[in-house]
Amino acid sequence: MYGNGDRDTPAWEQPGRFAHAAAGNEAGSKPRGRDGIAPTGWPRGVRPPGVAGWEETAVAWLFDLCPSGYRSHDLLRKYPLILARMARQHVAAALAAARHGYGTARVELAERVPARAVEAALRMYEYEGSRAAATERAVRLVEEALAGERWEPRL
């Protein structure tokens with residue numbers, strides 16, 4: 001179509017490109033993985049997916065990540081996937097704030113506080129940014145588990 005076969009054909013027009021995605025959506029397909037397996041990055045204090053009471057621990061952990069006002073919404077208890085989405089967005093915003101703060105701290109604080117304080121603020125932004133990135137991954141894993149994803153044990 002574009003001249004040189006597959007090399008010049010955009011990926012989205014190559015036959016079979018999305019066959020694996022369609023195969024996973026068939027009515028009889030089973031989710032991969034097993035209950036009771038927590039993948040790397042799974043949050044402490046949240047039981048592995050599929051274990052009795054795991055959703056309750058996941059919901060409690062997700063609420064702890066969100067502003068306290070979120071607890072007043074029954075919708076978030078009824079639909080934990082919505083809560084997971086909102087928690088992921090909240091954590092992503094914290095990560096973006098840490099990245100922005102790190103990138104602008106030197107310029108904005110250089111003439112206002114001592115250099116040692118600026119360096120300490122940069123270290124704090126690094127720490128909080130890495131913590132937020134790890135939390136964002138953990139929220140994504142919990143969200144996937146709430147949607148039915150399961151994992152295999154790693155050797």
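Here the residue numbering is sequential within each chain, running from 1 through the sequence in written order. Residues qualify for local features only when their pLDDT is at least 70, as the model is predicted, and side-chain atom pairs are given and counted only at 80 or more; totals for whole chains, interfaces and linings, by contrast, use all residues. The side-chain figures draw on all heavy atoms in the structure; neither hydrogens nor water molecules are used.

1. Points about the side chain of Glu 136
To qualify as a helix, a DSSP run of H or I must reach at least 4 residues; to qualify as a strand, a run of E must reach at least 2; elements of each kind are numbered from the N terminus. Note on placement: Glu 136 falls in helix 5 (residues 115-146). Accessibility here uses a 1.4 Å probe with only protein chains present; expressed as a share of the type maximum, an area under 20% marks a residue as buried, one over 50% as exposed, and anything in between as partly exposed. Working convention for charge: Lys and Arg count positive, Asp and Glu count negative, and His plus the chain ends are omitted. Any Lys or Arg side-chain nitrogen located within 4 Å of an Asp or Glu carboxyl oxygen qualifies as a salt bridge. We note that Glu 136 is buried and unpaired, the nearest opposite charge coming from Arg 140 at a distance of 4.5 Å. Glu 136 has contacts with Val 91, Ala 92 and Leu 95, leaving out every residue within four places of it along the chain. Two residues qualify as a contact provided that any one of their heavy atoms is within 4.5 Å of a heavy atom in the partner residue.

2. As for helix 4 (residues 80-109)
With 30 residues, helix 4 should cover 44 Å at 1.5 Å per step; its first-to-last C-alpha distance of 41 Å lies within 8% of that length. Maximum bend of helix 4: about 40°, positioned at Gly 103. Buried residues of helix 4: Pro 80, Leu 83, Ala 84, Ala 87, Val 91, Leu 95, Ala 98, Gly 101 and Ala 105, and no others. On its buried face, helix 4 is in contact with helix 2 (54-65), helix 3 (74-78) and helix 5. Each residue after the first adds 1.5 Å to the expected span of a helix. Note on bend: at a given residue it equals the angle between the axes fitted to the 7 residues ending there and to the 7 starting there.

3. Here we look at the packing of aromatic side chains
Pairing of aromatic rings covers Phe, Tyr and the six-membered ring of Trp, with a centre-to-centre limit of 6.5 Å; geometry is then stacked below 30 degrees between planes, edge-to-face above 60, and tilted otherwise. Inspection of the entire model under this criterion finds two aromatic pairs. Following the ring pairs from residue to residue traces out a cluster consisting of Trp 42, Trp 54 and Trp 151.

4. Some remarks on the pattern of salt bridges
Tallied over the full model, the rule gives six salt bridges. Arg 150 is paired through a salt bridge with Asp 35; the nearest N and O atoms lie 2.7 Å apart. With Arg 150 in the segment after helix 5 and Asp 35 in the loop between helix 1 (19-24) and helix 2, the pair connects residues that are 115 residues apart, well separated along the chain. When its relative accessible area of 15% is taken as the criterion, Arg 150 is described as buried. Since its relative accessible area comes to 52%, Asp 35 is described here as exposed.

5. As for the environment of Val 139
Looking at the secondary structure, you find Val 139 in helix 5. For Val 139, a relative accessible area of 0% gives the class buried. Through-space distance from the C-alpha of Val 139 to that of Ala 84 is 6.7 Å; in sequence the pair is 55 residues apart. The contacts of Val 139, once residues within four sequence positions are left out, are Trp 61, Leu 62, Leu 65, Ala 84, Ala 87, Arg 88 and Val 91.

6. With respect to the packing of helix 2 against helix 4
Every angle, taken between N-to-C directions, lies between 0 and 180 degrees, and every axis is a line fitted to C-alpha atoms, over only the stretch in contact when it is a helix. Close contact between helix 2 and helix 4 brings their axes to 9 Å; oriented N to C, the two are set at 35°. For the element pair helix 2 and helix 4, the recorded crossing hand is left-handed. Between helix 2 and helix 4, the contacting residues are Glu 55, Val 59, Leu 62, Phe 63 and Leu 65 on the first element and Pro 80, Leu 83, Ala 84, Ala 87, His 90 and Val 91 on the second. Throughout this entry, Asp, Glu, Lys and Arg are counted as charged residues, while Ala, Val, Leu, Ile, Met, Phe, Trp, Tyr, Cys and Pro are counted as nonpolar. The remaining residues, Gly among them, count as polar. Partitioned by chemical class, the residues of the contact of helix 2 with helix 4 number nine nonpolar, one polar and one charged. Helix crossings fall into two classes, left-handed where the near helix is turned counterclockwise from the far one by less than a right angle and right-handed where it is turned clockwise.

7. Description of the packing of helix 2 against helix 5
The interhelical angle for the contact between helix 2 and helix 5, taken along N-to-C directions, is 145°, at an axis separation of 11 Å. Like other packed secondary-structure pairs, helix 2 and helix 5 cross with a definite hand, here left-handed. Judged by residue contacts, Trp 54, Glu 55, Ala 58, Trp 61, Leu 62 and Leu 65 of helix 2 engage Thr 135, Ala 138, Val 139, Val 142, Ala 145 and Leu 146 from helix 5. Split into classes, the residues belonging to the contact of helix 2 with helix 5 amount to 10 nonpolar, one polar and one charged.

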